[in-house]
Amino acid sequence: MRIATWNINSVRLRISLVRRFARQASPDVLCLQETKVEDDLFPTEACHAMGFPHLAYFGQKGYHGVAILSRLPIERYERHERGGNREARHVSVVLVNGIEIHNLYVPAGGDEPDVKSNPKFAEKLEFFDEITAWFAERQEPKHGAVLVGDLNVAPLENDVWSHKQLLGLVSHTPIEVTKLATLQKSWRWVDSVRRFV
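Residues numbered from 1 in each chain as written. Predicted model: local features only at pLDDT ≥ 70, side-chain atom pairs only at ≥ 80, totals over all residues. Heavy atoms only, no water.

Novice: What is the right way to look at the state of the cysteines in this model?
Specialist: In the structure shown here, the tally under the stated rule is 0 disulfides. Free cysteine: C31, not disulfide-bonded; nearest cysteine sulfur from C47 at 12 Å. Residue classification places C31 among the buried residues on the basis of a relative accessible area of 0%. (Disulfide = S-S within 2.5 Å. Buried < 20%, exposed > 50% of the residue type's maximum accessible area, 1.4 Å probe, protein only.)

Novice: Can you help me understand helix α3 (residues 119-137) in this one?
Specialist: Three or four residues apart is the spacing at which side chains of an α-helix point the same way, because the helix has 3.6 residues per turn. For α3, built from 19 residues, the straight-helix expectation of 27 Å at 1.5 Å per residue is met to within 8% by its first-to-last C-alpha distance of 27 Å. Residues F121, A122, E123, K124, L125, F127, F128, I131, T132, W134 and F135 constitute the buried set of α3. Elements in contact with the buried residues of α3: β5 (74-82), β6 (87-95), β7 (100-105), β8 (145-150) and α5 (174-186). One side-chain oxygen at the N-terminal end of α3 lies 3.0 Å from the backbone nitrogen of K120; it belongs to N118. (Helix = DSSP H or I, 4+ residues; strand = E, 2+ residues; numbered from the N terminus. Expected span 1.5 Å × (residues − 1). Contact = heavy atoms within 4.5 Å. Polar contact = N/O pair within 3.5 Å; in protein donor to acceptor, adjacent residues only side chain to side chain.)

Novice: Would you mind going over the pairing of strand β2 (residues 29-33) with me for this structure?
Specialist: Side-chain direction in a regular strand flips from residue to residue, so the side chains alternate between the two faces of the sheet. With 5 of 5 residues buried, β2 is to be regarded as a mostly interior element. Burial along β2 is two-sided: the face carrying V29, C31 and Q33 and the face carrying L30 and L32 are both buried. The pairing of strand β1 (residues 3-7) with β2 spans 5 bridges and is classified as parallel. Along β2, the bridge assignment pairs A4 with L30. (Pairing = 2+ DSSP bridges.)

Novice: How should the environment of I101 be read in this particular structure?
Specialist: Inspection of the secondary structure assignment puts I101 in strand β7. Excluding anything up to four places from it in sequence, I101 contacts I3, V29, C31, I68, V91, S92, V93, L95 and V146.

Novice: It is not clear to me how α5 should be interpreted in this structure. Could you clarify?
Specialist: Between its terminal C-alpha atoms α5 stretches 19 Å, which fits the 18 Å expected from 13 residues at 1.5 Å a residue. Looking only at α5, the buried set comprises E176, K179, L180, L183 and S186. Each buried residue of α5 lies within a common arc of 110 degrees when the element is viewed along its axis, so the set occupies one face. Exposed and facing more than 90 degrees away from the buried side of α5 are P174 and K185. (Arc of directions from axis to C-beta.)

Okay, structure coming up:
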């Protein structure tokens, strides 16, 4: 099964790019983040025309939003409101083969990595705590699970151009890296890109 993930930054604005990607890469499942569209305006017909008859999306006007486009039937899907603002940042599906897919859009966290002066950074850390606790409370599915999305953390030194210079910037701070690692342990997630590339 081929799964692709992409922060599309407005699915309606970039639907022609989605169409081209779907044609060239031919993913079985395409997960999009930052769709920036309310559910009743989601481009369902365009997605169906691309060969994705099964859709799960959770959006809001102008911000955030996540979607899963699938060639495989979806047995069930859930929208999960996350964060203090109950934002559209997590959608999950169970495919007909039993595999769960979770698509996340983690808050970017603003510019300053300080929870007192930057509420957006506090929101990001709280999001990690909430989603980690949520996974930890649930039983891992017997057929496996995949977590994709825009996680907004660059955890390793070779993820950034200068580890030392970026240690104090949002997305590479030690606390964010720790939160991501804790999330990874919640269901024994394996970073497939690092493992298999």
